[in-house]
Each structure stands twice: as structure tokens, then as C-alpha cells.
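# Results of the structural survey
Listed below, chain by chain, are the residues.
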Amino acid sequence: MGILLASAVHAPSMHNTQPWRFEVAGQVIDVHLDEDRVLPAEDPSGRQIRIGLGAAAFNLRVAAAMLGHESTFAVTPDPAEPTVAARIFLADSLGPVPELATLYREIGRRHTYRGPMRDLPIPPMVISRLSRAATAEGAELHRLDEDSIRQLARILRQADDLDLHDEDRLHERSRWIGGERADDGIPSTALGPLPTGPAMVRDLAAGYHIEGREQTAFEARPVIAVLSTDNEDRAAWVRAGLALQRVLLAATSSVLVVSFLNQALERPDLRRQVRDLIGGAWPQMILRIGYPAEAETSTSRIPWQHSLDRSF
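Residues numbered from 1 in each chain as written. Predicted model: local features only at pLDDT ≥ 70, side-chain atom pairs only at ≥ 80, totals over all residues. Heavy atoms only, no water.

### Focus on the pattern of salt bridges
The condition is simple: Salt bridge criterion: a side-chain nitrogen from Lys or Arg within 4 Å of a carboxyl oxygen from Asp or Glu. Going along the chain from the N terminus, every DSSP run of H or I of four or more residues is numbered as a helix, and every run of E of two or more is numbered as a strand. Think of it in three bands: residues with accessible area under 20% of the maximum for their type are buried, residues over 50% are exposed, and the middle band is partly exposed, with areas taken using a 1.4 Å probe on protein chains only.
Tallied over the entire structure, the rule returns 23 salt bridges. Its salt-bridge partner being Arg 246, residue Glu 99 comes within 3.0 Å of it at the nearest N-O pair. Here the residue Glu 99 occupies a position in helix 3 (residues 98-101), and Arg 246 occupies one in helix 7 (residues 234-253), the gap between them amounting to 147 residues. For Glu 99, a relative accessible area of 57% corresponds to the exposed category.

What follows is the structure in C-alpha cells.
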């Protein structure tokens with residue numbers, strides 16, 4: 001069980017809050033929402049938190065596949081237990097499950113990269129592979145064209161300006177971002193450099209000065225994709241997380257890195273504009289994808305044993 005849960009906690013989550021707890025009963029694993037690790041100011045609906053829970057559930061499935069377990073799952077399986085975001089059912093071990101097991105070695109390598117990308121095109125076959133990864137989990141990945149990227153840049157500027165003047169969000173963010181952090185949140189060393197000019201990046205420091213932070217030029221032609229679902233409810237958010245993690249692991253296997261531009265989705269009016277850009281589907285995550293141009297810094301994780309809930 002340790003391999004499964006150690007893999008699960010390597011999932012991405014908003015501000016690396018790691019909002020999950022796990023309950024194990026035989027060959028059934030429940031992924032619970034940890035209500036002490038939510039973000040009521042920046043994510044009042046819990047949408048992005050549940051995407052993180054879905055990503056953790058996908059890592060569980062991948063680790064189980066490596067150990068030889070076929071798995072099935074249910075999202076939001078029990079209305080009487082609203083904290084259960086996903087329930088994973090493991091079959092008896094019969095040998096590695098090729099479809100998912102090949103992604104296992106990418107779990108520990110994947111991390112959010114916040115630096116500049118190299119000016120190298122991503123081969124169409126790789127983009128197609130990422131799109132298939134999203135489709136396999138019931139989502140869709142929309143690569144934006146140049147005109148849509150320009151429109152998105154305008155939306156991002158609006159979101160960044162609103163963030164700088166939102167005291168509730170800034171206060172909440174200070175709990176999770178900056179400084180030295182042992183096992184959760186995002187330490188200053190993982191924030192990435194500041195861009196020297198206009199760039200499609202998110203500065204999570206939100207205007208706070210961090211001593212010694214580097215500045216550098218970012219890529220002029222970023223590759224941006226939007227992950228979407230047809231539906232918009234808690235189940236869809238968890239499924240978006242499953243799809244997100246499958247895309248991220250597929251990207252890692254192709255030596256790609258990803259960062260997120262989700263400030264454009266955290267305000268309903270701006271999210272509607274992004275939805276129009278992709279033709280009416282529900283945008284769940286905005287991904288900036290490329291080949292890293294600098295050394296990469298990952299964030300720490302809470303030991304999986306601390307996420308195993310024995311109180312249920």
C-alpha cells in the first residue's frame with residue numbers, strides 16, 4: 001500500500017496544498033478531501049482542489065497498474081460522504097497493466113516548471129499523444145492558435161491586476177507561497193525567475209519582493225493548451241484531474257514540462273471568456289507546455305503516512 005499512496009501524493013495541487021487524505025479498506029481506496037487544506041478565497045467552489053484529488057486518484061491507478069492490479073473507479077461515489085472525491089477498486093494482481101504501468105516512472109519526475117522554455121517546436125505527434133491522453137479520461141485538450149493566445153494574454157493581464165488588489169486572496173496565498181517550506185506549499189526557491197518583459201507566466205508571489213530572485217527572458221511563442229470537460233460539476237472536476245495527470249505524465253515521458261495559467265479561470269467572468277475561446281466547453285486548466293531552458297526545482301511532499309486517515 002505504501003507504493004500506491006507514495007505515488008498519489010506526488011500529484012499536483014493548487015499552491016501545493018496537497019488537499020487529500022486516503023482511507024484504505026482491503027482493495028478499496030477512498031480519496032478524501034482534506035477540508036483543512038482548501039482555498040476559500042481563490043477557489044471558493046472547490047473546483048481546483050477537486051482537480052488535484054482527481055490527479056492523486058490517477059497516480060494511484062498508475063502505481064496499481066505497475067504492481068499488476070487492474071483498477072476501476074467511481075467519482076463522488078457516495079452522496080452521504082461528500083468528502084469522498086474518488087473511490088478506487090483494485091483487482092487481484094495478475095501482472096503489470098501495460099496501458100498505465102508505463103507511466104509509473106514519470107510520477108516522481110513530473111513537477112511544475114515555472115521557468116522559461118526553449119525555443120523548440122513540439123512535434124505534432126507529441127501534441128497528438130497529449131490530446132489522446134486527455135481524451136482517454138473523458139476530457140479534451142485544445143491547443144490555442146496565435147490569435148487565441150493573444151486574447152488569452154489580455155485575459156491573464158486582467159486576472160493578474162485583479163489579484164494584486166485582492167487582499168483576501170493575497171492573505172490566503174501568503175499561507176502557502178514563499179519563504180522556506182518543508183513539505184507543502186511553494187517555497188521561494190520554486191517560484192521561478194521573474195520575466196524581463198511581457199510573458200505568459202504566472203507570478204505566484206503576486207508582487208511581493210523576494211530577495212535574490214533572478215530575472216530572465218521567457219519564450220516569445222509559448223505553447224498553450226486548455227484542458228476542458230463537457231460537464232461542470234464536482235464529478236467533472238475530479239475527472240478533469242484524472243485527465244490532467246495523464247496528460248502531465250505523458251508530457252514528462254516526452255521530456256516536456258508544464259506550468260499553469262489558471263488565474264484566468266479563478267474568476268467567473270474571465271473564465272467565461274476562456275470558454276468562448278475554446279468553443280463552449282468548460283475550461284478546467286490552462287497549460288503552458290515546452291522544453292525547459294533552465295534547471296528545474298520541485299516542491300516537497302508531505303510523507304504519505306501522514307495522509308493515511310485512520311479516523312474513518
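### Quick word on unusual backbone geometry
The phi angle at Thr 76 is positive, at roughly 40°, despite the residue not being glycine. Tracing the backbone shows Thr 76 in the loop between strand 3 (69-75) and strand 4 (84-93). You can call Thr 76 partly exposed: its relative accessible area is 29%.

### With respect to the side chain of Arg 50
Applicable threshold: In this charge count, Lys and Arg are treated as positive and Asp and Glu as negative; neither His nor the chain ends contribute. Residue contacts are counted whenever heavy atoms from the two residues lie within 4.5 Å of one another.
In this structure, Arg 50 sits in helix 2 (residues 47-66). Here Arg 50 sits buried without a salt bridge, and the closest side chain of opposite charge, Glu 35, lies 6.9 Å off (N-O distance). When residues no more than four places from it in sequence are discounted, the contact partners of Arg 50 are Leu 33, Thr 76, Pro 82, Ala 85, Arg 234, Trp 237 and Val 238.

### Some words on the side chain of Arg 47
Locating Arg 47 in the fold gives a position in helix 2. Filtering out sequence-adjacent residues up to four positions away, Arg 47 remains in contact with Glu 232, Trp 237, Leu 265, Arg 271, Pro 283 and Gln 284.

### Some points on the packing of aromatic side chains
To keep things clear, this is the line we draw: Only Phe, Tyr and Trp rings take part, Trp by its six-membered ring, and two of them pair if their centres are within 6.5 Å. Stacked means planes under 30 degrees apart, edge-to-face means over 60, and tilted covers everything else. Comment: the charge-over-ring label is applied if NZ (Lys) or CZ (Arg) is within 6 Å of the ring centre and within 35 degrees of the ring normal.
Applying the stated criterion across every chain yields a total of zero aromatic pairs. A cation over a ring is seen here: Arg 275 above Trp 282, with NZ or CZ 3.7 Å from the ring centre.

### A word on the packing of helix 5 (residues 146-164) against helix 8 (residues 268-277)
Helix-helix packing: each pair is described by the crossing angle between the helix axes and the interaxial distance. Worth spelling out the cut-off: Between the N-to-C directions of two axes lies an angle of 0 to 180 degrees, each axis being a line fitted to C-alpha atoms and, for a helix, fitted only over the stretch in contact. Small angles under 35 degrees read as roughly parallel and large ones over 145 as roughly antiparallel, with 65 to 115 read as roughly perpendicular and the rest as oblique. We call Asp, Glu, Lys and Arg charged. Ala, Val, Leu, Ile, Met, Phe, Trp, Tyr, Cys and Pro are nonpolar, and the rest, Gly among them, are polar.
Orientation of helix 5 relative to helix 8, taken along the N-to-C sense of each, is 170°, at an axis distance of 10 Å. Between helix 5 and helix 8, the interaxial angle falls into the category roughly antiparallel. Judged by residue contacts, Ser 148, Gln 151, Leu 152, Arg 154, Ile 155, Gln 158, Ala 159 and Leu 162 of helix 5 engage Leu 270, Gln 273, Val 274 and Leu 277 from helix 8. Looking at the contact of helix 5 with helix 8, its residues break down into seven nonpolar, four polar and one charged.

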